[in-house]
Amino acid sequence: MKFSLRLATLGAIFVAMFSVLGLRLWFVQVAEGAALAQVAQELKWESRHFEAPRGDIYDRTGELLVTSRYVPAVEVDRAFVTPEQRADLIQRLSALLGVPAAEIDAMYEAAGTNGRFTVGVVSTTTATALATRLESFPGVEIVKQPERVYLTGPDLAHVIGHLGLPTPADLEANPDLDPTVRIGQLGVERTYDEYLRGVPGTWEYRLVRGEVVESRPETPPKAGESVHLALDLELQEVVSKALAEGIELANEVKSAERAAGEDVYSEAQRGAALVLDAQSGQVLSLVSLPTFDPNVFVSGIDQETFDELRDRRAFNNLAISGLYPPASTFKAVTYAAAEQYQLPLPENGDGVDPVNRTVHCDGQIVFDLADGSQQVKHDWYTGDKGWLDIHGALEQSCNIYFWSIGLGVHQNRARLEGNVLQDFARDLGYGPATGIDLTAEASGTIPTPELFEDWKEFQLANPDVPPRLEPSRLDLPGGPFLGGDLMDLAIGQGALTATPLQVAVSYAALVNGGQVLKPAVVAEVRDSSGTPIYQHVPTVERTVEIDPGVRSSLLIDLGRVVNSGTARAAFVDFGPGVEDIGGKTGTGQTTPNRDNHAWFTGVAPLSDPRYVVVVLIDEGGSGGRVAAPVARHILQYLMGNEPTPIVEGEEAD
Amino acid sequence: MATIARSAREAVSSRRGNRPDWILFGTMALLALFGLLMIYSATRAGGIVSMERQMIFVVAGVLTFLVTSQIDYREYRHLTPYLYGLMVLLLAAVFAFPERGGARRWIELPLFDLQPSEFMKVMMVLAIASVIAPHSRDDDRPGLSWPKLVLVLAATTLPAALIYLQPDLGTMLVFVFVALAMLFAGGATWRQLTAVVGFGAAIVTFMFQTGRIRGYQMDRIRVLFDPTIDPQGIGYNLAQSKLAVGSGELFGRGLFQGTQTNFQYVPEQETDFIFTAVAEQLGFVGGLLVLAAFTVLVWRLLLIAANGRDRFGALIVVGISAMFVFHVFINVGMTMGIMPVTGLPLPFLSLGGSSFLAMSFALGIANSVWLRRSPVPGENYVV
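If you're wondering where the values come from, they're calculated on a predicted model, not measured in any experiment. (Residues numbered from 1 in each chain as written. Chains lettered and ligands numbered in written order. Predicted model: local features only at pLDDT ≥ 70, side-chain atom pairs only at ≥ 80, totals over all residues.)

**Q** Could you give me a rundown of the overall build of chain A, with the residues and numbers involved?
**A** Looking only at helices and strands, chain A has 21 helices and 24 strands in total. Among the 653 residues that make up chain A, the fraction classed as buried is 47%. Contacts spanning at least 24 positions in sequence make up 71% of the contacts within chain A whose residues lie at least 6 apart. (Helix = DSSP H or I, 4+ residues; strand = E, 2+ residues; numbered from the N terminus. Buried ≥ 20, exposed ≤ 12 C-beta atoms within 10 Å, placed from the backbone. Contact = placed C-beta atoms within 7 Å.)

Here it is as structure tokens:
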């Protein structure tokens, strides 16, 4: 063959090769092109989400309380499972993971065509076992999934809360939420959820017959911001332990009383205690007992555990949702109102000197009812404490004096503006919820003539609903609200209810010069670089007018309660600086055949009030006896004294 | 004799020397400029750094072409053994540099990374041509002697083996195709060609038997027939590329309008998959124009071969044309799913310095052959 022929042959081969390319190009672009372009246009973007680890939670000293870790989880991507493989795959997964096949089948169905679902978190052992056999599990992937770890266990359960799948209401309020990713359900996890949640990572892709034909660059998940609580973990542990011991003490006292033949109706099981910064409104400690370990929610709580905890009311945060009559702790409010407005004492009563503003605390008060008959009310103590002014009355928790204030206000109601006592209480933070940055806060009740009228109307309109007012009140010509209701209010009883937090907020306002603060458990939120993106600043809801003179005499008298009054016995062991501590005992009467609720509210230091401590033991008995020693223990810790054992104080209201 | 010599001189002077092949150079320049545009389109999301780099290579490539054109290609014949030895050393040197993406193909230089295998392709053309072209006027036996055939096989197998170890299957296949084309043009008989193919088959069989063919290399071929065997890996590139090419349709989505390529769903779109960007953005018309440009290039090369002053020059240009055809065929075929995914660049379009310079060098040699073609029609077989 000649060279030129060989060249021509090569040329023909080259032309043939280029023709193949040209024809293929025609086929792909023109013949099939429209179809391929359509496929490219119409393909649905599938997306895959990578759950973001939630932000960490720290206490005020930077101690890590809650964090997130990655654990292996098994996911199934239906796009890679053929219909024939489905049943077999579900059976094998069920056998391996111990999840009922019907459950996996339901998840499979719910995920939809090309959808993904997480079968569940698995142990590292299971994950490893599965990883080696992954090729026989079509569509199955082992992914890392963030999981919450509550390092402090039960101590902070009520403050921090826990996670759960978003409710239909959550999803409606925030359509961006992933219905399969848990969000905060209670506590700080809930109220700061937007910060803690983080941003999920995504990967978007298009599929053609199980093939990823197009994808967008993957965005990695962004961890949530870190929340720094105002709470101090060490203080929280002290308070938790002290409250638990207080409940134990209450039960010991009850056994002794039962042995002595006194009437004892119940065991003390619940309580709440909190420490509030009186200047900033920050909550330094907040405890409610009984509590629970929030880690039980992490991998899904079982019904039995849940029922048991619910029956014990362990999920209730009594410090902010428990409603109790504040009892004698409320006398500080009545005291301040009486001094601020110089409220009149009854003119015609026996044992009342309205000019010198003294009352004879001899154990009983006799007064005229509206119908002219006489009524006698007995005080909590026996014997005669002599003629007391308001200072002595607070120190000794003399009900007769405060009843007299209530009676005096009632007698002069036409002259006094509005509902002077109730309005003052409302301004100090009773009634509507305080607005703390936690979930499920309750609002208290302040009895007023208007409220009672509402109740009366409701009661008349709804005879089937259990009545709140005694039926005899409904027919009274002057309305259902009586002078006796005002007398009960003056000593923190009757229809008045408040949460321990409301009591703390009112005391903080009384001792800080009248600033009613919105309480807060979170001090700061920081982004990943440590830069604060939210910082708590004291929020003054209202400023109540309290003269400096009234404030300083209240502080002195609260000091007398601790040093020579109803809490003296409980504070005997306080140690140095006890003269700088103030407080008020309280014993809340409940329905008949139930034990009293024990209260103590402490303030320290009196020279420059910083801490308000509130202790409540539900059906714990006498406040001076069991609640005051708990508060003393906490105050010892706060003021730098060595906390001494929680032992019985003195029986006092 | 003197008369003939004088008339030849007159003929030379009357034509005032041969002109360079402007069509060849023009086509190369057009492809390079078009390549710059497509590289910009594919990488503009990340700035113009890639295009700027390629601009430097284009300028260097044009200079290479012009300088090489001035060098008499016949000089290479004496230098071939030394150049060949040097290139084999450079090929071996890549193993002293760190692995990148599972391969060792580069020698890291201060300004850019040299890929010796690109230059080795041209070197192989020179080496094979110098073996099989007659060495003197007396050596005018037709056909190819068996010793020469064996020498060609040996000279091809050594660098092919080194490149196989890098590993770079595509470049190895270039050697095979180029060698076959040159042997055929050089006069090999059908029996000789059959022997060569048998030799190749024996080597492949040996590799299979000893398990030396890498799994992924087989997968790249298997995936052509069954894209579902690896939907996220190799099949992913293929499926995306094919979808992108297909969605270009007749006139394309418009320059810079390729949603598939401009958002980087198609990997390597500025290098190996640049034809995908062309086809998606400029459609069948654009793709066909690129193929037409390469056709012009190959047509010019075959014309130069036919007009070569001697067999050595003609064979060089045949080898170069085969090299271009094979690159285009494999690269473009790969984007449309009819050829395996190998790392062969599209000459003058793909981003990459070594490839551009090597291809410019090759066309420069071809132009040198053209410039020195026989001045007298019919007098074209001169040693």
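**Q** Talk me through the overall build of chain B; I want residue IDs and the actual numbers.
**A** Helix and strand content of chain B: 14 helices and two strands. Buried residues in chain B amount to 50% of all 383 residues. Here the contacts in chain B between residues at least 6 apart in sequence split such that 71% fall between residues at least 24 apart.

**Q** Give me the lowdown on the sheet that holds strand E17 (residues 387-388) of chain A, citing residues and values where you can.
**A** All names here are of chain A. Strand order in this open sheet of three strands is E13-E14-E17, and the pairing throughout is antiparallel. Each having just a single partner strand, strand E13 (352-353) and E17 make up the two edges of the open sheet. Pairing analysis gives two bridges linking strand E14 (residues 358-360) to E17, with the strands arranged antiparallel. By the bridge assignment, His360 is partnered in E17 with Trp387. (Pairing = 2+ DSSP bridges.)

**Q** Outline the packing of helix H5 (residues 116-132) of chain B against helix H14 (residues 353-371) of chain B, supporting the account with residue identities and numerical values.
**A** All names here are of chain B. Here H5 crosses H14 at 15°, and the two axes come no closer than 8 Å. The angle between H5 and H14 falls in the class roughly parallel. At the point where H5 passes H14, the crossing takes the right-handed sense. Facing Glu118, Phe119, Lys121 and Val122 of H5, the residues of H14 in contact are Ser354, Ser355, Ala358, Phe361 and Ala362. Of the residues that constitute the contact of H5 with H14, the class distribution is five nonpolar, two polar and two charged. (Axes fitted to C-alpha atoms, helices over the stretch in contact; angles between N-to-C directions. Parallel < 35°, antiparallel > 145°, perpendicular 65-115°, else oblique. Left-handed = near helix turned anticlockwise from the far one by under 90°. Nonpolar A, V, L, I, M, F, W, Y, C, P; charged D, E, K, R; others polar.)

**Q** Give a description of helix H18 (residues 483-490) of chain A that names residues and reports values.
**A** Residues and elements named next belong to chain A. Burial analysis of H18 places seven of its eight residues in the buried class, the great majority of the element. Turning to H18, its buried residues are Gly483, Asp485, Leu486, Met487, Asp488, Leu489 and Ala490. On its buried side, H18 packs onto helix H13 (331-341), helix H15 (399-411) and helix H16 (420-428). At the exit of H18 stands Gly492, carrying a positive phi of roughly 75°.

**Q** How would you summarise the environment of Ser360 of chain B if you had to cite specific residues and measurements?
**A** All names here are of chain B. For Ser360, the location among the structural elements is in helix H14. Judged by the 26 C-beta atoms lying within 10 Å of it, Ser360 falls in the buried class. In the structure, Ser360 is positioned 295 residues away from Phe65 in sequence and 5.2 Å away in space, judged by C-alpha atoms. Excluding residues within four positions of it along the chain, Ser360 makes contact with Gly61, Val62, Thr64 and Phe65.

**Q** So, the packing of helix H4 (residues 75-93) of chain B against helix H6 (residues 146-165) of chain B: which residues are in play, and what are the values?
**A** Residue and element names in this part refer to chain B. Remark: H4 packs on H6, axes separated minimally by 10 Å, with the N-to-C direction vectors making an angle of 15°. Compared by their axis directions, H4 and H6 come out roughly parallel. Helix-helix and strand crossings are classified by hand; for H4 and H6 the assignment is left-handed. When H4 is examined against H6, the residues Val88, Leu91 and Ala92 are found in contact with a partner set consisting of Leu158, Pro159, Leu162 and Ile163. Residues that form the contact of H4 with H6 fall into these classes: seven nonpolar, no polar and no charged.

**Q** Provide a residue-level description of the confidence of the model for chain B, including the pertinent values.
**A** Per-residue confidence for chain B gives a mean pLDDT of 82; residues scoring 70 or more make up 79%. pLDDT under 50 marks residues 11-16 of chain B. Its contacts with residues more than four places away, or in other chains, come to four contacts. (pLDDT = per-residue confidence, 0-100.)

**Q** Please set out the nonpolar core residue by residue, giving values where relevant.
**A** Core analysis: the biggest nonpolar cluster contains 138 residues, and Leu274, Val521, Val615, Ala627 and Ile634 of chain A have the highest contact counts within it. At ten residues, the largest contribution of residues to this core is made by helix H10 (residues 233-259) of chain A. By size, the runner-up hydrophobic cluster in this structure holds 114 residues, among which are Val178, Ala179, Ala185 and Leu349 of chain B. (Core = buried A, V, L, I, M, F, W, Y, C linked by C-beta atoms within 7 Å.)

**Q** So, the environment of Phe424 of chain A: which residues are in play, and what are the values?
**A** All names here are of chain A. Among the secondary structure elements, Phe424 is positioned in helix H16. For the pair Phe424 and Glu545, spaced 121 residues apart in sequence, the C-alpha to C-alpha distance is 9.5 Å. Ignoring sequence-local partners within four residues, the contact set of Phe424 consists of Val333 and Ala337.

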